[in-house]
Amino acid sequence: MEFSVSTPRYYYPNPKPTTAFSLKPPNSQASSSSPLSSSNQLRRPKTITTTPPPPPQPAKPISKIPSNPFKNLTNPPHVPTPPITTTDSNTSLLTNKLWLTSKLSPPPPPPPPPHSPPDIDDDEEEEAVKYNEPRKKSQLPKVEFRQEGKIFVGNLPNWLKKNEVSEFFRQFGPITSVILIKGHDSTERNAGFGFVIYDGPNATKSAMKAVEFDGVEFHGRVLTVKLDDGGRLKDKAEQRTRWIEQDSGDGVEYRARSKWHKERQSSRNALRKVMETEPENWQAVVQTFERINKPSRGEYGLMVKYYARRGDMHRARETFESMRARGIEPTSHVYTSLIHAYAVGRDMEEALSCVRKMKDEGIEMSLVTYSIIVGGFAKVGNAEAADHWFKEAKERHTTLNAIIYGNIVYAHCQACNMDRAEALVREMEEAGIDAPVDIYHTMMDGYTMVGNEDKCLIVFERLKECGFTPSVISYGCLINLYIKVGKVSKALEVSKMMETASIKHNMKTYSMLINGFLKLKDWANAFAVIEDLMKDGLKPDVVLYNNIITAFCGMGNMNRAVRTVKEMQRERHRPTSRTFMPIIHGFARAGDMRRALEIFDMMRMSGCIPTVHTFNALVLGLVEKRQMEKAVEILDEMTLAGISPNEHTYTTIMNGYASLGDTGKAFEYFSKLRNDGLEIDVFTYEALLKACCKAGKMQSALAVTKEMSAQKIPRNTFVYNILVDGWARRGDVWEAADLMQQMKREGVQPDIHSYTSFINACCKAGDMQRAAKTIEEMKTFGVKPNVKTYTTLIHGWARASLPEKALRCFKDMKLAGLKPDKAVYHCLMTSLLSRATVAEAYIYSGLLSICKEMIESGLTVDMGTAVHWSRCLRKIERTGGELTEALQKTFPPDWNSCHTMYVSSDVDSDDEVDITSDGDDDDDREFASRIDNVMMTDEDSLKHG
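Rules used in this analysis
- Residues numbered from 1 in each chain as written.
- Predicted model: local features only at pLDDT ≥ 70, side-chain atom pairs only at ≥ 80, totals over all residues.
- Heavy atoms only, no water.
- Helix = DSSP H or I, 4+ residues; strand = E, 2+ residues; numbered from the N terminus.
- Buried < 20%, exposed > 50% of the residue type's maximum accessible area, 1.4 Å probe, protein only.
- Contact = heavy atoms within 4.5 Å.
- Areas by Shrake-Rupley, 256 points an atom, 1.4 Å probe, with all protein chains shown as cover.
- Salt bridge = Lys/Arg side-chain N within 4 Å of Asp/Glu carboxyl O.
- Polar contact = N/O pair within 3.5 Å; in protein donor to acceptor, adjacent residues only side chain to side chain.
- Core = buried A, V, L, I, M, F, W, Y, C linked by side-chain atoms within 4.5 Å.
- Phe/Tyr/Trp six-rings, centres within 6.5 Å; stacked < 30°, edge-to-face > 60°.
- Lys NZ or Arg CZ within 6 Å of the ring centre and 35° of its normal.
- Disulfide = S-S within 2.5 Å.
- Patch = residues over 30% accessible without salt bridge, like charges linked within 9 Å, V, L, I, M, F, W, Y side chains within 5 Å.
- Lys, Arg positive; Asp, Glu negative; His and termini not counted.
- Charge placed at Lys NZ, Arg CZ, Asp CG, Glu CD.
- Expected span 1.5 Å × (residues − 1).
- Arc of directions from axis to C-beta.
- Axes fitted to C-alpha atoms, helices over the stretch in contact; angles between N-to-C directions.
- Parallel < 35°, antiparallel > 145°, perpendicular 65-115°, else oblique.
- Left-handed = near helix turned anticlockwise from the far one by under 90°.
- Nonpolar A, V, L, I, M, F, W, Y, C, P; charged D, E, K, R; others polar.
- Pairing = 2+ DSSP bridges.

**Notes on the overall build of the protein chain**
Tallying secondary structure elements over the protein chain gives 46 helices and 6 strands in all. Within the protein chain, buried positions represent 42% of all 945 residues. Contacts spanning at least 24 positions in sequence make up 68% of the contacts within the protein chain whose residues lie at least 6 apart. By element, 52% of the accessible surface of the protein chain is carried by carbon and sulfur atoms, the whole surface being about 53,000 Å².

Structure follows, in structure tokens:
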């Protein structure tokens, strides 16, 4: 992929540090030599006491047969555990130091000191050591294979099912389960015998009553009923022992596995191999499964698990039902795999229906099942349901693991409930479960969502202190944090840290950087990151293509954005509705509705169903071009498409009518929004306030603010800015000053727009002294005046007939590093030309310098401004001069053909013009109203959500 735009290396100057936390690990030299930094797993401090070395033992003869690693599973030797003695209290403090929550929140009070153990004599200590010695095989406790309440039932018909056996033997007591042994030749028929297991405190008595029915006729067969002697389990255990203890040397000849077992094991191994080596090739997996003759529960379980990992819940359910149709009853593992499939597909209702079936069939839910359910609810954002199943897991299982804790922590982090997440991490650590690195990443992501930069950095430092090596995921969490809070330069510093640590970016980290530059509308650096991504050999995915399209639309290169969509389709990437939204919005904003509707049809042809957000993009583009009639027509098209407008749709329409000052239409759509039962938020009230203030109906605006208070919707900075601007339009400086004081009392910090609107109110009221004090107050609170602020102040000094003050303010603006725009030059030139005949000589020189700046900047004024300036020039230089020649270079190109008409119309009355006449003031007021319209669009240009 090639880009025709210039792509400089992305670089942002390093700002001053805003927090006391550093991304670099403290004491890097010491940490590099620490044993914690050389491993990815948490290491607890070793005990202070040391055990004496064991006495040397005679060397054993080397056997030619390698030792069996499974031998210790049958008779594991008992290794004595050395007693843990602490001679220093720093040991427990060091253990607490390795906890994640020890710095996130204050640790709980330490437990009371343990009582010192009584003195042990040497004889008792010797007996204790003997007690810990490994016992011989003859001394091991005898394993009881017989199960209470279990009976053997023989001579059953081969076609009999479990429910029929259960109904017959249920008369003696409650039954836990019925086990029918399947035949080798046909899994649909049983082998003619099975087992029945009774439940409850009287299970043994129930089994004894059932044995009395030995010899009873049942479906034409004479039943054999007797108590289970554990022979079947004993034979299995002995056979397993013989297979493991191959080097026992007892001379027993072991029976080789049958041909059927070998074929079945070979088929299962082939299926496992295909799933592990070619997980994406689902056709090969299905073909391998279909080649298996009479699949067993194991093969069906593997297929359900395979579909669960792919998130294909429909095929997982089909395989599950096919297994049940063959008479194979599912186990807890198979049910867990099916629940996992629904959890990955985010269909938690079906997952819970599987849980209910498990409970109805008496199948115990394992800890893995609970972990999957908690993780499924965490992905769908239902933290309450996840917490409910987590508590049930704690009641059913005495010990939990780090996986289920990680899932419940993730659920609360996604819900921005970080206090509960911290409490869960502390609970996990107090239970002796070490927090894995995934929980660190989850906590960092949670703090990123709530914007808590300090705690996110604490978790990152804690990750390194506990011996984990930061990975691309760790650095990606930091990049995401700084992109979210708007500190792109900090994100670039993290990127350099990754390069220093020899960690390569992945697609997600690159996409985060690109999003950061797109938010700043820095298209060149965004494309520079894309070029680096291409150089690293990464192939663009749907997310990257969407970012590229957004960048082209932001640059105004709409044709290139459309070509990118076609290139995306050639690469077999399916566009989404997010792909087409910026293109539709770009054409609509440019007023090219024909192209916008073409892209809309193109989206439908590509298989994307238009959503309410797509229609909102069309509405927003039309509203920005003030085409309100066409925007309202889009609402009718939404209704025909079966899509209901949401609160953003109505708020956009209200903002459009607010910009026109049509309060009636704004209140009409506000009523529609309320009647449809949609949520009314602060943005909706902002649109109403903007309409009222634009129309000068401040009493209606006050009524809207009272309703906001009744609905308990707090006023933010934008609401106050709209109100201050409304009073500024009327020149009511006292009401504007009261609002500024009310902002500070309610803890709302005024921003640059608030101060600019208040300065405008002061200038319209002629109170330039208060306006100057406001500038000093801005600098005190760290708010830097912008170009619009200086333009408003220059306009105020011009209205106060103090052009020298306006010229000094213009110089202060340039000293602050701000570049004057067209409105500044218009306002300043009008003020100086109107007063130049009675002012000092330095104003004349100021006029010349400003003219040269305008010529160098290539600024051209409109015809009305040129006529007004020419009238002022004739009073200064009646026969022309240096100023006239310089200023006429900024006039429109057709000025030479039009200015003769204006001169001839004014030459007769030229002698009658007096300096004290009000004609100049009328011209000033006419031009001042034009400047007011330019400056008062500051609040109209604010975009929300």
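**What to know about the pattern of salt bridges**
Across all of its chains, the model carries 21 salt bridges by this definition. With a shortest N-O distance of 3.2 Å, Lys-359 and Glu-392 are connected by a salt bridge. In this pair, Lys-359 is assigned in helix H14 (residues 348-360) and Glu-392 in helix H16 (residues 383-396), connecting sequence segments 33 residues apart. Salt-bridge contacts for Glu-427 lead to Lys-394; the nearest nitrogen and oxygen are separated by 2.9 Å. Placement of the pair is Glu-427 in helix H18 (residues 418-430) and Lys-394 in helix H16, with a sequence separation of 33 residues. When salt bridges with common partners are traced through the structure, they connect Arg-324, Glu-329 and Glu-361 into a single cluster.

**Comments concerning the environment of Gly-451**
Tracing the chain through its elements places Gly-451 in the loop between helix H19 (437-450) and helix H20 (453-465). For Gly-451, a relative accessible area of 41% gives the class partly exposed. For the pair Gly-451 and Lys-484, spaced 33 residues apart in sequence, the C-alpha separation works out to 7.6 Å.

**Some points on the side chain of Ser-332**
In this fold, Ser-332 is placed in helix H13 (residues 332-344). For Ser-332, the side chain forms a polar contact with the main-chain oxygen of Glu-364, separated by 3.3 Å. Residues contacting Ser-332, with those up to four places away along its chain left out, are Met-358, Ile-363, Glu-364, Ser-366 and Thr-369.

**Concerning the nonpolar core**
Ile-408, Met-443, Ile-583, Met-829, Leu-833 and Ile-850 are the most contacted members of the largest nonpolar core, which has 214 residues in total. When residues no more than four places from it in sequence are discounted, the contact partners of Met-829 are Leu-847, Ile-850, Cys-851, Met-854, Trp-869 and Leu-887. Formed by 18 residues, the second largest nonpolar core is a distinct cluster that contains Leu-156, Phe-169, Leu-180 and Ala-203.

**Remarks on the packing of aromatic side chains**
Counting across every chain of the model gives 20 aromatic pairs. Seen in terms of ring centroids, Phe-168 and Phe-169 are 5.0 Å apart; in terms of plane orientation they differ by 85°. Their pairing is edge-to-face. The pair Phe-168 / Phe-169 is uniform in exposure class, with both members buried. Measuring from ring centre to ring centre gives 5.7 Å for Tyr-306 and Tyr-307, while their planes differ by 55°; the resulting arrangement is tilted. For the residue pair Tyr-306 and Tyr-307, the accessibility class agrees, reading buried in each case. Taken together, the aromatic side chains of Phe-168, Phe-169, Phe-172, Phe-213 and Phe-218 make up a single cluster linked through ring pairs. The aromatic ring of Trp-734 is capped on one face by Arg-770, whose charged end is 5.0 Å from the ring centroid. Between the NZ or CZ atom of Lys-805 and the centre of the ring of Trp-797, over which it lies, the distance is 5.5 Å.

**Some words on unusual backbone geometry**
Where the residue is not glycine, phi is negative for most of them; where a peptide bond is considered, it is trans in most cases. Positive phi is not limited to glycine here, since Cys-416 has a value of about 60°. Checked against the element boundaries, Cys-416 lands in the loop between helix H17 (402-414) and H18. The phi torsion at Arg-572 lies on the positive side, around 65°, for a residue other than glycine. Summarising the element assignment, Arg-572 is placed in the loop between helix H26 (558-570) and helix H27 (577-589). The exposure class of Arg-572 is exposed, given its relative accessible area of 79%.

**Details of the state of the cysteines**
Defined simply, a disulfide is a covalent bond joining two cysteines at their sulfur atoms. A full pass over the atoms with the stated rule returns 0 disulfides. Considering cysteine sulfurs only, Cys-692 is the nearest to Cys-693, which forms no disulfide, with 6.7 Å between them. Cys-693 sits in the buried class, given a relative accessible area of 3%.

**Section: a positive patch on the surface**
On the surface, a cluster of positive charge is made up of Lys-161, Lys-162, Lys-182, Arg-189 and Arg-297. Locating Lys-161 in the fold gives a position in the loop between strand E1 (150-154) and helix H6 (162-169). With relative accessibility at 43%, the residue Lys-161 sits in the partly exposed group.

**Thoughts on helix H34 (residues 698-710)**
End to end, H34 covers 19 Å across 13 residues, agreeing with the expected 18 Å (1.5 Å per residue, within 8%). Every buried residue of H34 is accounted for by Met-698, Ala-701, Val-704, Thr-705 and Met-708. The arc enclosing the buried residues of H34, seen along the axis, measures out at 105°, which places them on a common side. Opposite the packed face of H34, turned more than 90 degrees from it, sit the exposed residues Gln-699, Lys-706 and Ala-710. Buried residues in H34 make contact with helix H32 (663-675), helix H33 (682-694) and helix H35 (717-729). At the C-terminal side of H34, Lys-712 shows a positive phi close to 60°.

**Topic: the side chain of Thr-756**
Assignment of secondary structure puts Thr-756 in helix H37 (residues 752-765). Not counting the four nearest positions on each side in its chain, Thr-756 is found in contact with Asn-786, Lys-788, Thr-789 and Thr-792.

**A look at the packing of helix H39 (residues 787-799) against helix H40 (residues 803-815)**
Viewed as axis vectors pointing N to C, H39 and H40 meet at an angle of 165°, and their least axial separation amounts to 8 Å. Taken together, the axes of H39 and H40 are roughly antiparallel relative to one another. Handedness of the crossing formed by H39 with H40: right-handed. In contact with Val-787, Tyr-790, Leu-793, Ile-794 and Trp-797 of H39, H40 contributes Lys-805, Ala-806, Cys-809, Phe-810, Asp-812 and Met-813. Of the residues that constitute the contact of H39 with H40, the class distribution is 9 nonpolar, no polar and 2 charged.

**Topic: the packing of H19 against helix H21 (residues 472-484)**
At a minimum axis separation of 9 Å, H19 and H21 run at an interaxial angle of 5°. If you check the angle between H19 and H21, you find them roughly parallel. Together, His-441, Met-444, Asp-445 and Thr-448 of H19 and Ile-473, Ser-474, Cys-477, Leu-478, Asn-480, Leu-481 and Lys-484 of H21 make up the contact between the two elements. In terms of residue class, the contact of H19 with H21 is made up of 5 nonpolar, 4 polar and 2 charged.

**What about the sheet that holds E1?**
The sheet built from 4 strands is open, its strands ordered E2-E3-E1-E6 with antiparallel pairing. Looking at which strands have only one partner, the edges of the open sheet turn out to be strand E2 (175-182) and strand E6 (224-227). Going from strand to strand, the sheet's axes swing by 20° on average, the running direction of each strand aside. Relative to strand E3 (residues 190-198), E2 runs antiparallel, the two being bridged by 6 bridges. Paired with Ser-177 across the bridge in E3 is Ile-197. Its contacts with the sheet put H6 on E1, E2, E3 and E6, and the angle it makes with E2 is roughly 135°. Relative to E6, helix H7 (residues 203-211) is tilted by about 150°, and along the sheet it contacts E1, E3 and E6.

**Remarks on the environment of Leu-832**
Mapped onto the elements of the fold, Leu-832 is located in helix H41 (residues 822-835). As a C-alpha pair, Leu-832 and Cys-872 span 40 residues in sequence and 9.6 Å in three-dimensional space.

**Focus on the pairing of E3**
By the criterion of burial, E3 is predominantly enclosed, with 7 of the 9 residues buried. In this sheet, E3 lies alongside E1 in antiparallel orientation, the contact comprising 5 bridges. Within E3, the residue paired with Phe-152 across the bridge is Phe-195.

**A word on a negative patch on the surface**
A grouping of Glu-629, Glu-633, Asp-636 and Glu-637 is seen on the molecular surface, where their side chains present a negatively charged patch. Position of Glu-637 relative to the elements: it lies in helix H30 (residues 628-640).

**As for H14**
For H14, built from 13 residues, the straight-helix expectation of 18 Å at 1.5 Å per residue is met to within 8% by its first-to-last C-alpha distance of 18 Å. Every buried residue of H14 is listed here: Met-348, Ala-351, Ser-353, Cys-354, Val-355 and Met-358. Residues of H14 that are buried in the fold lie against helix H12 (313-325), H13, helix H15 (367-379) and H16. Once H14 ends, the next one or two residues include Gly-362, with phi positive near 75°.

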